[in-house]
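Remarks on the overall topology
As a plain string of letters, each chain reads:
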Amino acid sequence: MYKVAICEDNQEQQKCIKGLIEKLEIPDIHEIETFDSGETLVEAYKRGNQYSIILLDMQMDELDGIETGEIIQRYDKNVIIIIVTSILEYAVDGYSINAFDFVLKPINEMKFQKILYKAIKQLKESINRVYKISKRDKTELLKLSEIIYFESDRKKVKIHCLDRIVSNNESISEVEESIEKYNFMRISRFYLINLAFIKEIRSNDIVLSNGEILRYSSKLQKNIKKSYMNFMMGDI
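These lines cover the structure that appears in this document, whether it is placed above or below. (Residues numbered from 1 in each chain as written. Predicted model: local features only at pLDDT ≥ 70, side-chain atom pairs only at ≥ 80, totals over all residues. Heavy atoms only, no water.)

A short note on the packing of aromatic side chains
What describes a pair of aromatic rings is the distance from one ring centre to the other and the angle between the planes of the rings. So the rule is basically this: Aromatic rings from Phe, Tyr and Trp, taking only the six-membered ring of Trp, are treated as a pair when their centres fall within 6.5 Å; an angle between ring planes under 30 degrees marks them as stacked, one over 60 as edge-to-face, and anything in between as tilted. Note on exposure labels: buried denotes an accessible area under 20% of the residue type's maximum, exposed denotes more than 50%, and partly exposed covers the range between, all computed with a 1.4 Å probe on protein chains only. For a ring to carry a charge above it, either NZ of a lysine or CZ of an arginine must fall within 6 Å of the ring centroid while also lying within 35 degrees of the normal to the ring plane.
As enumerated under the stated definition, the model contains seven aromatic pairs in all. The interplanar angle of 65 degrees and the centroid separation of 5.7 Å between the aromatic rings of Tyr45 and Tyr51 together place this pair among those described as edge-to-face. Residue Tyr45 is classed as buried on the basis of its relative accessible area, which comes to 3%. For Tyr51, a relative accessible area of 3% translates into the label buried. Ring pairs connect the aromatic residues Phe35, Tyr45, Tyr51 and Tyr75, which therefore count as one cluster. The ring of Phe102 carries Lys111 above its face, with NZ or CZ at 5.7 Å from the centroid.

Here it is in structure tokens:
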């Protein structure tokens, strides 16, 4: 069951969005909370609250949508953020915080419904996506949504997760073959990264949302940018 947060400083828009969600009667959504500002949403996270989906207005006083999203992602890297804005350029800016998608005001009900169902689908699929580490005495399952990247270490791989680094007796090519369809992309001989954790693609390297910087192969530059754009636009 999923909790949805609506962060919107316009009361009428807030009621409109909440009404559209309630109208769909999605059984997986069991709670909808509304926030009048980015500050109040951030405070909710500081108190330990978490949400599966956030509908985030871009134009707010004090903390705007980008600033709010950046703070929220320090607490929850897996939250789905859907940008709500009346200006298309702001929707594009939303990709800097790994926004899942965007909705333009005035809100088109069919478009909104499609995006919300797509978000629910991704949430359900992410629960079942795991990477298995088999050892003599046990088998450990890591959620793919919590793996930032894989690093080649000779005949092994180091798995860089949100909270730790673990190793497995498998080549990076074998890992790539088994999980690339789940939004992981090879950027060099050494790295296989989770597209969801890319913050910025620069001329020679990639900045990840945890602050790490990884160099990529110049031969793969076009494919990297194309794959990331497809991922951000929801085509993967």
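Considerations on the sheet that holds strand E15 (residues 213-215)
The line we're drawing: Between any two strands, pairing holds if DSSP finds at least two bridges. Helix and strand assignments follow DSSP, with helices taken as H or I runs no shorter than four residues and strands as E runs no shorter than two, numbered in order from the N terminus. Angles here are taken between N-to-C directions and fall from 0 to 180 degrees, while the axes themselves are lines fitted to C-alpha atoms, restricted in helices to the stretch in contact.
Spatial ordering of the open sheet is given by E13-E14-E15, a layout of three strands whose pairing is antiparallel. Whereas interior strands pair on both sides, the edge strands pair on one side only; in this sheet they are strand E13 (198-201) and E15. With strand direction ignored, the average angle separating the axes of adjacent strands in the sheet is 25 degrees. Judged from the three bridges that link them, strand E14 (residues 205-208) and E15 form a sheet pairing that is antiparallel. Looking at the pairing, Asp205 lines up with Arg215 of E15.

Brief notes about the pairing of strand E2 (residues 29-35)
Of the strand pairs in this sheet, strand E1 (residues 2-7) and E2 are connected by six bridges, and their pairing is parallel. Bridge pairing in E2 links Ala5 to Glu33.

Quick word on the side chain of Glu140
The test is simple: A 3.5 Å cut-off defines polar contacts: any pair of N or O atoms within that distance qualifies, except that in protein one atom must be a possible hydrogen donor and the other a possible acceptor, and neighbouring residues in sequence count only when both atoms are side-chain atoms. Contacts are assigned to residue pairs that have any heavy atoms within 4.5 Å of one another.
Tracing the chain through its elements places Glu140 in strand E7 (residues 139-143). The class for Glu140 is buried, based on a relative accessible area of 17%. A polar contact of 2.7 Å, which involves the side chain of Glu140, links it to the side chain of Arg164. When residues no more than four places from it in sequence are discounted, the contact partners of Glu140 are Tyr131, Lys132, Ile133 and Arg164.

Remarks on the pattern of salt bridges
Opposite charge on two side chains allows them to pair when their charged atoms are near. Using the following cut-off: Salt bridge, as used here, is a side-chain nitrogen of Lys or Arg placed within 4 Å of a carboxyl oxygen of Asp or Glu.
Using the criterion set out here, one finds 11 salt bridges in the structure. Residues participating in the shared-partner salt-bridge network are Glu8, Asp57 and Lys105.

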